[in-house]
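One letter stands for each residue in the lines below.
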Amino acid sequence: MAAAITPTGTPTSSMAAASDIPSVDRVLNLEEIKPLLAQYGRTQLTGALRKHLDQLRVDAVAGKLVLADVDDSQLAAILDKQLAAANRLHLRALFNLTGTVLHTNLGRALLPDEAVQAVVSALTTPANLEFDLDSGGRGDRDELIEDVLCELTGAEAATVVNNNAAAVLLMLNALAQKKEVIVSRGELVEIGGAFRIPDIMQRAGAKLVEVGSTNRTHPADYANAITARSAMLMKVHCSNYAISGFTSSVDVETLAQLARPHGLPVTVDLGSGTLLDLAQWGLPSETTVRQTIEQGADLVTFSGDKLLGGPQAGLIVGRADLIRRIKKNPLKRALRVGKLTLAALEPVLRLYLAPEFLSERLTTLRLLTRHQRAIRSQAERLLPILQSVLGSHYTVTAEVMFSQIGSGALPVDQLPSYGLAVRTRSAANVTNAANGGKRHGRALDKLEKALRQLPRPVIGRIGNDTLWLDCRCLEQRDEALFSAQLRAIIL
């Protein structure tokens, strides 16, 4: 006689009742559970177990519980999976195949090995963060990086805070609170996260005085705005956008000539400032921090984790008297950096002392200068692997692409690159078909999500009915791991 079948299609002989569900103590004493106890501890494991057994009881009452669900090995496997997911860190390593090297949302600059080792040392041993080894007394943490920063920039003094927005905020609050700061309208930029120069100035307690127009500002505009309430002339580098056509701006040297008779400092927010001219590596030329100081800037602020290629930090360099005033401001302590930032920053700065080796040793510069031929070879090696995994529903081709230096650092300039272009198999055959684009969009969205759900997520970008995977930032040492985990894609 055949076994009865439940409404769900499961033979009644394989169904389990609530009485078949094991107790907490019994499961905790299983041989299969011992590795989980050793890894996650009794408290965490017991909590996950109780929650799972409660769900099994709900399934039993609903007639959905099968004997396999209460098997010892099955229970152990489910608990292992649940606990692994619960203990997975939220900040995870991933593959950046967006084509943007200094991607704000993906952590910007990758640190070179020298910086990584210095951070490991600072994490695991005591360090002279604020201890003067010569005198045996209290030290100043800024002194750890001040000498090398001054050598690289030609500045008299330097200090560091947690990012460039903080550097601008601190500078304005220390030098221009309740006073006026003169800035060209064409330089009132908005950086990532909707932070705007006028907003930072307001929070700093300074009054913004806009001069000129959006596209043209002249020396006379600054000169006519100077009053007894003026605190500084400020110039902001428009690193995240460009105005072209009928334009005019005032250079730092001219601003300095205007400011000197009035005893006013000229300050420059360089944004993603660079310490060396990038043109020598075939990249877009940018005014360096040293050049800005030489042109007459009294203070320069810039980021540590953009073109400089280091950790997130805001650097302020310039006149010693102004730096002293900034360091005495109470906000300096609130915005100061910790030992990990300083541990990473110093070795990155010291790499610049040997510029002939910089393109090999500084990770950011190595990725920015990677030759298109090498990237193409890598893309062609990966093509058959990805095509095999995706099957007949998608086509994968190796194509020319153009990488971006950074979303907030020279976003207009592009670098010839290569990568994998993924399209739905029928995309080329669909012309003005109703909902055709939506079908392709759903299929590409599904694939893009599957890539994000890999053990080490892969981040690309979708555009023009294509998923673009730019290989510029795929390090050769990671290529084997990248290839191996492609087989884990679930569509």
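Relevant structure appears above.
First, a word on what this report is: a plain description of the structure on this page.

Thresholds, definitions, all that
- Residues numbered from 1 in each chain as written.
- Predicted model: local features only at pLDDT ≥ 70, side-chain atom pairs only at ≥ 80, totals over all residues.
- Heavy atoms only, no water.
- Helix = DSSP H or I, 4+ residues; strand = E, 2+ residues; numbered from the N terminus.
- Polar contact = N/O pair within 3.5 Å; in protein donor to acceptor, adjacent residues only side chain to side chain.
- 1 Å grid on protein atoms, 1.4 Å probe; cavity = no way out; pocket = protein on both sides within 12 Å on 5 of 7 lines; lining within 4 Å.
- Points joined across faces, edges and corners; volume = space filled by probe spheres on them.
- Buried < 20%, exposed > 50% of the residue type's maximum accessible area, 1.4 Å probe, protein only.
- Pairing = 2+ DSSP bridges.
- Expected span 1.5 Å × (residues − 1).
- Salt bridge = Lys/Arg side-chain N within 4 Å of Asp/Glu carboxyl O.
- Axes fitted to C-alpha atoms, helices over the stretch in contact; angles between N-to-C directions.
- Core = buried A, V, L, I, M, F, W, Y, C linked by side-chain atoms within 4.5 Å.
- Contact = heavy atoms within 4.5 Å.

### Structural notes on the side chain of His103
With respect to the element layout, His103 can be found in the loop between β2 (100–102) and α5 (113–124). For His103, the side chain forms a polar contact with the main-chain nitrogen of Asn105, separated by 3.2 Å.

### Points about the layout of surface pockets
Counted as a void, the largest pocket has a volume near 1000 Å³. Of all elements in the fold, only β1 (95–96), β2, α5, α15 (358–361) and α16 (363–368) reach the threshold of two or more residues within the lining of the largest pocket.

### Remarks on the pairing of strand β3 (residues 157–161)
Buried residues dominate β3, accounting for 5 of its 5 residues. Along β3, one buried face is formed by Ala157, Thr159 and Val161 and the opposite face, lined by Ala158 and Val160, is buried too. Alignment of β3 against strand β11 (residues 314–318), held across 5 bridges, turns out to be antiparallel. Residue pairing in the sheet places Val160 in a bridge with Leu315 of β11.

### A closer look at helix α7 (residues 164–176)
Here α7 is 13 residues long and its end C-alpha atoms lie 17 Å apart, about the 18 Å a rise of 1.5 Å per residue gives. Counting buried residues along α7, 11 of its 13 residues qualify, which places the element largely inside the surrounding structure. Taken together, the buried positions of α7 are occupied by Asn164, Ala166, Ala167, Val168, Leu170, Met171, Leu172, Asn173, Ala174, Leu175 and Ala176. Where α7 starts, the residue carrying a side-chain oxygen 3.3 Å from the main-chain nitrogen of Ala165 turns out to be Asn163. Just past α7, the residue Lys178 takes up positive phi, approximately 65 degrees.

### Let's talk about the pattern of salt bridges
For the structure on display, the rule yields 23 salt bridges. A salt bridge links Lys34 to Glu31, with the nearest nitrogen and oxygen atoms 3.2 Å apart. Given the relative accessible area of 46%, Lys34 is considered partly exposed. Here Asp305 ties to Arg108 by a salt bridge, and the two come within 3.3 Å at their closest N and O atoms. Of this pair, Asp305 sits in the loop between β10 (299–303) and β11 while Arg108 sits in the loop between β2 and α5, and the two are 197 residues apart along the sequence. The exposure class of Asp305 is buried, given its relative accessible area of 6%. Connected through salt bridges with shared partners, the residues Glu130, Arg138, Arg141 and Arg336 form a single ionic network.

### With respect to the sheet that holds strand β16 (residues 466–470)
Each strand in a sheet pairs with its neighbour through backbone hydrogen bonds, running either in the same direction (parallel) or in the opposite one (antiparallel). If you trace the 5 strands from one edge of the open sheet to the other, you get β2-β12-β13-β16-β15, paired in mixed fashion. Among the strands making up the open sheet, the edge pair consists of β2 and β15 (461–463). With direction set aside, neighbouring strand axes in the sheet form an average angle of 35 degrees. Across 2 bridges, the pairing between β2 and strand β12 (residues 394–406) is parallel.

### Focus: the nonpolar core
Residues Phe302, Leu308, Val317 and Leu349 are the most contacted members of the largest nonpolar core, which totals 61 residues. Among the elements that take part in this core, helix α14 (residues 339–351) stands out by supplying 7 residues, more than any other. Leu349 has contacts with Ile145, Val148, Leu149, Leu152, Leu275 and Leu308, leaving out every residue within four places of it along the chain.

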